[in-house]
Amino acid sequence: MPEPRPVEEANEPNEPLRRDFSLLEETAKGAASFLGLVARFATSAEDIVQGLRLEKHEREAEIDFADYICQDLLQDDTITQQLFTDVLTGYLNEVPNDLYIVGFHETSYGRGQALRDQDPIARNISSYDFQINAWKSKLYHDKKANIDRVIADLETRLQTLIQQERRNTVEEVGSLFSADAFSLLLIEGMHVNGDLRGSLAVLKKKMYFAAAFEYKEDPELLYRLSFNACVKAKGWQTLEDKPLYEALEAEDVSVEVFEKWTGRKINYNPKPEAKQKTVADVIHAQGADPPRKASIALVHEFLPSQSTYAQGVHALRASYNGKEAEIPQHMLYRTSAGVRLIRPQTLEEAMLARINDFDTLQDSNGKQRTMEERLRLWDKLIDTCAGVAYENGNNEHFKLSSICEPLITIPQDFRNAFLDVNYAAFDGIQLARTAYYYKRLSEQEFDLCEAWQLLLPDQTARTRLKQIVYHQAKNQQEQLLIADNDKKALGFYLVNNSDRDQLRSVFVSSRNNYSDAYGVNLNGSSSVLRATPPSSKKF
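No experiment lies behind these values; they were computed from the predicted model shown. (Residues numbered from 1 in each chain as written. Predicted model: local features only at pLDDT ≥ 70, side-chain atom pairs only at ≥ 80, totals over all residues. Heavy atoms only, no water.)

Q: Before we move on, can you summarise the environment of Trp-378 with the specific residues and values?
A: Turning to its location among the elements, Trp-378 is positioned in the loop between helix H16 (371-374) and strand E4 (382-390). Taking the relative accessible area as the measure of exposure, Trp-378 reaches 0% and is therefore buried. In this structure, the C-alpha to C-alpha distance between Trp-378 and Asp-357, residues 21 residues apart in sequence, is 9.7 Å. A polar side-chain atom of Trp-378 sits 3.4 Å from the main-chain carbonyl oxygen of Arg-354. (Helix = DSSP H or I, 4+ residues; strand = E, 2+ residues; numbered from the N terminus. Buried < 20%, exposed > 50% of the residue type's maximum accessible area, 1.4 Å probe, protein only. Polar contact = N/O pair within 3.5 Å; in protein donor to acceptor, adjacent residues only side chain to side chain.)

Structural data, given as structure tokens:
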């Protein structure tokens with residue numbers, strides 16, 4: 001087996017809040033996204049409630065809600081003061097908000113019944129110091145402030161994890177902070193699935209109840225009302241099924257998140273996905289002569305090499321910053337957390353890029369391309385987002401995934417040889433380790449290798465790849481391959497004797513290494529292809 005790639009060693013309490021919105025919301029589009037709007041709306045609504053209660057107002061004076069709303073929010077023509085009024089009225093009708101907090105039912109002012117007749121917003125306006133003090137002692141007390149600080153700290157830390165594309169697990173989150181009197185078990189069930197603020201609102205509500213407060217806010221209700229208000233602001237309440245699905249898709253809002261917070265069902269699924277069971281299923285789905293869609297009409301260039309696979313993935317992502325028009329649509333991947341990320345090439349896309357570039361005989365000026373120019377993508381290995389999983393002690397099987405989410409979401413600072421994975425739960429197709437691995441293959445053996453069939457299901461591409469590789473192997477004049485006497489190439493190499501469940505990437509090597517594929521190390525230097533439309537400037 002050829003040598004593997006080089007490896008390198010691896011806010012004050014009891015005060016009205018004015019929020020800092022410098023941190024982007026959890027979706028890829030940040031605060032400009034719909035979910036970012038919901039988060040800002042909910043935070044502004046919370047600020048309004050606290051401002052009404054904890055600041056002194058002339059009771060008859062009109063409250064200027066704009067004083068409590070983050071400045072840029074009302075610049076959106078769809079956001080109106082009436083939307084905030086509706087949310088506040090709905091919220092304050094459900095939470096502790098009137099006589100028992102401020103003590104009017106115990107006083108001799110004779111205003112109890114009059115206050116009961118007022119709307120909930122008016123009942124929450126504090127006009128006297130004793131009302132403000134009552135709110136502070138009964139609702140905005142130190143224990144509540146402590147929970148709020150814990151949640152705010154957790155949000156900041158989770159935001160950092162999300163920016164690093166780390167996957168959210170109970171163990172990972174549980175190590176982030178310690179909450180004195182409150183059980184970390186309450187974190188269980190929280191998901192960073194595109195509505196981090198909503199998940200944190202649910203957690204905060206659970207912590208309030210666990211602390212057995214006499215009077216409790218309901219942050220989950222406030223987020224739900226804010227979500228529905230923003231739905232109304234967008235005009236989505238009038239949409240059904242397909243138009244609604246398309247509106248959500250355009251805003252990177254998952255159907256699950258929408259249904260969770262609105263209670264509405266969307267009866268539309270444009271891409272029902274049947275789980276791939278066998279290699280034969282994959283090949284059959286492609287048809288006899290499928291379109292070679294992935295790499296046509298794209299210009300491919302290698303990014304500068306990075307010290308690890310993970311750094312190469314993040315360098316690819318960073319190379320498109322500010323150049324959204326250059327991102328090929330097929331390279332945008334939506335994670336299970338609802339985040340859309342740029343991903344590396346699949347193995348199929350990488351081979352199509354090589355084949356199409358090799359078959360391009362003239363440059364953009366009509367000049368004949370030299371053989372060296374046609375072979376430029378064959379001279380370096382290519383990293384892909386294909387993943388291969390190995391099971392502890394299993395030398396008979398392995399699993400392949402052509403688009404592997406853990407590799408796409410790998411943290412930038414990851415430097416180990418492999419990712420830990422639960423082999424049994426890994427979403428890939430299991431293959432047997434037959435005689436077509438651990439060696440270079442003849443044309444006939446290449447046709448029978450299931451790993452190549454699975455990762456390069458385009459029959460037309462496989463046929464053309466054979467023509468190029470094996471023909472060139474026999475024709476030393478063109479020197480695509482420096483072939484051995486048996487004229488074999490395109491091997492598929494695996495790791496043997498795994499001592500733990502693990503996940504690695506698949507890369508395809510250079511022509512000098514016979515274009516073999518390997519399922520080996522993640523901590524070797526990267527070699528990532530970047531694709532752009534022909535009209536785009538080279539980076």
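Q: Give a detailed account of the nonpolar core, specifying residues and quantitative values.
A: Formed by 48 residues in total, the largest nonpolar core has its most connected members in Phe-398, Leu-400, Trp-452, Leu-465, Phe-492 and Val-506. With 7 residues, the top contributor of residues to this core is helix H15 (residues 347-358). Setting aside its immediate chain neighbours within four residues, Trp-452 contacts Leu-347, Leu-441, Phe-446, Arg-462, Leu-465, Leu-490, Gly-491, Phe-492, Val-508, Ser-515 and Ala-517. With 47 residues, the next largest nonpolar core counts Phe-34, Leu-83, Ala-233 and Val-257 among its residues. (Core = buried A, V, L, I, M, F, W, Y, C linked by side-chain atoms within 4.5 Å. Contact = heavy atoms within 4.5 Å.)

Q: A description of the confidence of the model for the protein chain should follow, citing residues and the corresponding values.
A: In the predicted model, the protein chain carries a mean pLDDT of 76, and 71% of its residues have values of at least 70. Contacts of residues 282-296 to residues separated by more than four positions or lying in other chains number 28 contacts, the stretch itself having pLDDT below 50. Long-range and interchain partners of residues 475-485, a stretch whose pLDDT sits below 50, account for 28 contacts in this model, where long-range means more than four residues apart. (pLDDT = per-residue confidence, 0-100.)

Q: So, the pairing of strand E5 (residues 397-401): which residues are in play, and what are the values?
A: Counting buried positions over the 5 residues of E5 gives 4, a clear majority of the element. Note: E4 against E5, 3 bridges, orientation antiparallel. Bridge pairing links Ala-389 to Lys-399 in E5. As consecutive antiparallel partners, E4 and E5 are separated by 6 residues, and within that stretch Gly-393 has a phi angle of approximately 75°, a positive value. Alignment of E5 against strand E7 (residues 429-432), held across 4 bridges, turns out to be antiparallel. When the bridges of E7 are listed, His-397 appears paired with Ala-432. (Pairing = 2+ DSSP bridges.)

Q: Would you mind going over the environment of Val-95 in detail, with residue names and values included?
A: Structurally, the position occupied by Val-95 is in the loop between helix H2 (81-92) and helix H3 (99-102). You can call Val-95 buried: its relative accessible area is 6%. Residues Val-95 and Asp-218 lie 123 residues apart in sequence; the distance between their C-alpha atoms is 6.8 Å. Excluding its chain neighbours within four sequence positions, the residues that come into contact with Val-95 are Arg-53, Lys-216, Glu-217 and Asp-218.

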